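Geometric and topological summary
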Amino acid sequence: MTNPQEQICPVCGVKIVKAIGGDRVFFSVGPPGTRARLWARVCQYVKKPGCINTDPGLVGEVQPEDRYRPI
Ligand SMILES: [Zn+2]
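Residues numbered from 1 in each chain as written. Predicted model: local features only at pLDDT ≥ 70, side-chain atom pairs only at ≥ 80, totals over all residues.

Turning our attention to helix 1 (residues 35–46). Within the sequence span of helix 1, burial applies to Arg-35, Ala-36, Arg-37, Leu-38, Trp-39, Ala-40, Arg-41 and Cys-43. Lys-47, located one to two residues past helix 1, shows a positive phi value of around 50°. (Buried ≥ 20, exposed ≤ 12 C-beta atoms within 10 Å, placed from the backbone. Helix = DSSP H or I, 4+ residues; strand = E, 2+ residues; numbered from the N terminus.)

What follows is the structure, given as structure tokens:
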């Protein structure tokens, strides 16, 4: 019953939608971002098992603006 194009991280609670050119991450507030932004803003601090956004190959390169710009 789940859409294979969509995943919700059970730890971070954000929706990740597969998209050509890079997955889109939908935060609870603010505009959609990237896996890198999600990692920079949330996942790197959460550090709980079950987070689906910890694979460096998927997260990709984290830009400074991902780190410092508010969501
Ligand atoms: Zn996560």
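The next point concerns the nonpolar core. If you look at the biggest cluster of nonpolar residues, it comprises 9 residues: Cys-12, Val-14, Ile-16, Val-25, Ala-36, Leu-38, Trp-39, Ala-40 and Cys-43. Top element by residues in this core is helix 1. It accounts for 5 residues. Those residues within four positions of Val-14 in sequence are excluded, and the remaining contacts are Cys-9, Val-25, Phe-26, Phe-27 and Leu-38. (Core = buried A, V, L, I, M, F, W, Y, C linked by C-beta atoms within 7 Å. Contact = placed C-beta atoms within 7 Å.)

Taking strand neighbours across the sheet as the criterion, the 3 strands line up as 1-2-3 in an open arrangement whose pairing is antiparallel. The open sheet is flanked by strand 1 (6–8) and strand 3 (24–26), the only strands paired with a single partner. Across the sheet, the axes of successive neighbouring strands diverge by a mean angle of 25°, strand direction being ignored. With 3 bridges connecting them, strand 2 (residues 15–17) and strand 3 associate as antiparallel partners. For Val-17, the partnering residue across the bridge sits in strand 3 and is Arg-24. (Pairing = 2+ DSSP bridges. Axes fitted to C-alpha atoms, helices over the stretch in contact; angles between N-to-C directions.)

Our focus in this paragraph is the environment of Asp-23. With respect to the helices and strands, Asp-23 occurs in the loop between strand 2 and strand 3. Of the residues examined, Asp-23 has 21 C-beta atoms within 10 Å and is grouped as buried. C-alpha of Asp-23 to C-alpha of Gly-50: the two residues are 27 residues apart in sequence and 19 Å apart in space. When neighbours within four sequence positions are excluded, Asp-23 is seen to be in contact with Ile-16, Val-17, Lys-18 and Arg-35.

So, about the confidence of the model for the protein chain. Low pLDDT means the predicted coordinates in that region are not meant to be read closely. Here the protein chain averages 88 in pLDDT, while 92% of its residues score no lower than 70. Element-level mean pLDDT values for the protein chain span from 78 in helix 3 (residues 64–68) up to 96 in strand 2. (pLDDT = per-residue confidence, 0-100.)

The subject of this paragraph is the environment of Cys-51. Relative to the assigned elements, Cys-51 resides in the loop between helix 1 and helix 2 (56–59). Each C-alpha atom, one on Cys-51 and one on Cys-12, is 6.9 Å from the other, the two residues being 39 residues apart in sequence.

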